[in-house]
Amino acid sequence: MTEKLFGKMPDGTPVEEYTLRDGELSCGVITYGGALRSLVLPDRAGKPVDILLGFDTLEDYQRQDKYIGALIGRYANRIGGSRFVLEGQEYRLAANESPNHLHGGVTGFDKQVWGVESALENTLTLTLQSPDGQEGYPGNLEVTVTYTLGDSALSIDYRAVSDRTTLCNLTNHAYWNLSGHNSGDIREQQFRLPNSRYTPVDAGAIPTGTIDPVEGTPMDLRQLQALGKREYDHNWAIDNWDGTLRLAAQAFSPGTGIDMEVLTTLPGIQFYTGNFLDGCPKGKGGAVYPRHGAFCLETQYYPNSPNIPDFPSAVLPAGEVWRSKTVYRFGKRDHHD
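Everything numeric in this text was worked out from a predicted model, so none of it was measured.

Attention now goes to the overall build of the chain. From N to C terminus, the chain includes 1 helix and 27 strands. For 337 residues, the compact-globule estimate of 2.2 N^0.38 gives 20 Å, and the C-alpha radius of gyration of the chain, at 19 Å, lies within 12% of that figure. With respect to the three principal axes, the spread of C-alpha positions in the chain is 60 × 55 × 35 Å. With 337 residues in all, the chain has 57% of them scored as buried. Of the roughly 13,100 Å² of accessible surface on the chain, 47% is carried by carbon and sulfur atoms. The average position of the 30 basic charges and that of the 42 acidic charges among the side chains of the chain differ by 3 Å.

In structure tokens:
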């Protein structure tokens, strides 16, 4: 574990970068947004490759609007109409993707400096206190997120508790490129989402309320296949979801031989192919991040679930502990079996 000053907020608050290590893997995390800044591992030839998009300065993290690498809360993804009703009371939220609410609002968890509870060689535990009424959400929410490198995997453990009943839907918005963060677009990379249903959306990317079969649609990614000219920003429903850790997605780069599996305890996963990635500041080492220059696999409750009773509920009752786990597991292969 190494720690260094990454930058300072306008009010002087320091932002640190921690580097976790486990064998051939290393992972950089900054306390601004709890963002994952790098993940380096060897490709099939043994050459180290950094497969996470990130920036060299705190100012660039503050300037970009793509949520790159950041922890997202209180509610990941979209809430339709920027409103919800809880225990008979209506709550209004910022329409920061008008008319809808996206990723926790104007100053979500991605734009706050997280505290450090503990830092060891291969684990880092971050904390955040979100006060009652922040971004329109009820309850004082205490959040703890632990990053762990081990067994050729990066695990993220989330824990939250509130003194009032509230919504809780936490994720990480890492942008991955398994050929290397500076390698251009991901068209040749291959993806599999072994899930038989997804949530169709309207023109504003808000679910229609149904959970439809992928069979016979472009959402059928049950077999590993190259992305090609397709693009996605959709939520898949995890098959047989019961709160245990389940395989939600797989990605593979024929170029580097790096293979990644995503496992989650949550009921959904958003597959996003970097459709709006262009236009952000230059990345690490001056890299230009083009449209479709990375992909995100965001584990989550379904979008707009507070307003769709048939969806799994993201309501966190007062005093109860919210927990979830996401694992990114890495391997190498010559070509896909």
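Turning our eyes to something else, we now look at the pattern of salt bridges. Per the stated rule, a full pass over the model turns up 19 salt bridges. When the shortest N-O distance is used, the salt bridge between glutamate 231 and arginine 291 registers 3.1 Å. Here glutamate 231 is found in the loop between strand 20 (225–226) and strand 21 (233–237), whereas its partner arginine 291 is found in the loop between strand 24 (268–272) and strand 25 (296–300), with 60 residues between them in sequence. For arginine 291, a relative accessible area of 41% gives the class partly exposed. Via salt bridges that share partners, Lys4, Glu17, Arg37 and Asp56 belong to a single interconnected network.

With that settled, consider the sheet that holds strand 13 (residues 141–150). Pairing is antiparallel in the open sheet, where 9 strands are placed in the order 11-12-13-14-27-23-22-17-20. The open sheet has two free edges, formed respectively by strand 11 (115–119) and strand 20, since each of these has just one partner strand.

All right, on to the side chain of threonine 273 then. Within the secondary structure layout, threonine 273 lies in the loop between strand 24 and strand 25. Given the relative accessible area of 0%, threonine 273 is considered buried. Within the local environment of threonine 273, its side chain forms a polar contact with the backbone nitrogen of tyrosine 232, the two atoms lying 2.8 Å apart. One polar contact links threonine 273 to asparagine 275, side chain to side chain, over a distance of 2.6 Å. Setting aside residues up to four positions removed in sequence, threonine 273 forms contacts with Ile186, Leu227, Glu231, Tyr232, His292, Ala294 and Phe295.

This brings us to the packing of aromatic side chains. Inspection of every chain in the model, using the stated rule, returns 16 aromatic pairs. For the ring pair phenylalanine 84 and tyrosine 91, a centre distance of 5.2 Å and an interplane angle of 20° mean the geometry is stacked. Side by side, phenylalanine 84 and tyrosine 91 carry an identical accessibility label, which is buried. Following the ring pairs from residue to residue traces out a cluster consisting of Phe191, Tyr232, Trp236, Phe271 and Phe295.

Counting 67 residues, the largest nonpolar core has Leu154, Trp176, Trp236, Phe295 and Phe330 as its most contacted members. With 5 residues, the single largest contributor to this core is strand 13. Setting aside anything within four residues of it in sequence, one finds leucine 154 in contact with Cys27, Leu36, Leu39, Tyr147, Thr148, Leu149, Trp176, Thr326, Val327, Tyr328 and Phe330. Listed in part, the 19 residues of the second largest apolar core include Met9, Tyr175, Cys280 and Cys296.

This part covers unusual backbone geometry. In this chain, glycine 73 is followed by arginine 74 through a cis amide linkage whose omega measures 0°. Structurally, arginine 74 is set in the loop between strand 6 (71–72) and strand 7 (78–79). Geometrically, the link from serine 98 to proline 99 is a cis peptide bond, its omega value of 5° lying close to zero. Look at alanine 205: it is not a glycine, yet its phi comes out positive at around 65°. Tracing the sequence through the fold places alanine 205 in the loop between strand 18 (197–198) and strand 19 (212–213).

Reading across from one edge, 1-2-3-4-5 is the order of the 5 strands in this open sheet, with antiparallel pairing throughout. Strands at the two margins of the open sheet, each flanked by one partner only, are strand 1 (2–8) and strand 5 (48–50). Each strand of the sheet is rotated relative to its neighbour by a mean of 20°, with strand direction disregarded. As paired elements, strand 4 (residues 36–42) and strand 5 share 3 bridges and run antiparallel to each other. In the strand pairing of strand 5, valine 40 is matched with aspartate 50.

Here we take up the environment of threonine 166. Structurally, threonine 166 can be placed in strand 15 (residues 166–167). On the accessibility criterion, threonine 166 (0% relative accessible area) is buried. Between the C-alpha atom of threonine 166 and that of glutamate 231, which follows or precedes it by 65 residues, the distance is 33 Å. Beyond its immediate stretch of four places on either side in the chain, threonine 166 contacts Arg74, Leu86, Tyr137, Pro138, Leu141, Ala314, Val315 and Leu316. Among the polar contacts made by the side chain of threonine 166, one reaches the main-chain carbonyl oxygen of proline 138 at a distance of 2.8 Å.

On to the pairing of strand 2 (residues 14–22), then. Examined bridge by bridge, strand 1 and strand 2 share 6 bridges and lie antiparallel to one another. Looking across to strand 2, one finds that threonine 2 is bridged to threonine 19. Hairpin connection of strand 1 to strand 2: 5 residues between the antiparallel strands, including glycine 12 at a positive phi of 95°. Of the strand pairs in this sheet, strand 2 and strand 3 (residues 25–30) are connected by 6 bridges, and their pairing is antiparallel. Looking at the pairing, glutamate 17 lines up with isoleucine 30 of strand 3. What sits between strand 2 and strand 3 in their antiparallel hairpin is a turn of 2 residues, with glycine 23 showing a positive phi close to 60°.

How each quantity is defined
Residues numbered from 1 in each chain as written. Predicted model: local features only at pLDDT ≥ 70, side-chain atom pairs only at ≥ 80, totals over all residues. Heavy atoms only, no water. Helix = DSSP H or I, 4+ residues; strand = E, 2+ residues; numbered from the N terminus. Rg over C-alpha atoms; globule rule 2.2 N^0.38 Å. Buried < 20%, exposed > 50% of the residue type's maximum accessible area, 1.4 Å probe, protein only. Areas by Shrake-Rupley, 256 points an atom, 1.4 Å probe, with all protein chains shown as cover. Lys, Arg positive; Asp, Glu negative; His and termini not counted. Charge placed at Lys NZ, Arg CZ, Asp CG, Glu CD. Salt bridge = Lys/Arg side-chain N within 4 Å of Asp/Glu carboxyl O. Pairing = 2+ DSSP bridges. Polar contact = N/O pair within 3.5 Å; in protein donor to acceptor, adjacent residues only side chain to side chain. Contact = heavy atoms within 4.5 Å. Phe/Tyr/Trp six-rings, centres within 6.5 Å; stacked < 30°, edge-to-face > 60°. Core = buried A, V, L, I, M, F, W, Y, C linked by side-chain atoms within 4.5 Å. Axes fitted to C-alpha atoms, helices over the stretch in contact; angles between N-to-C directions.

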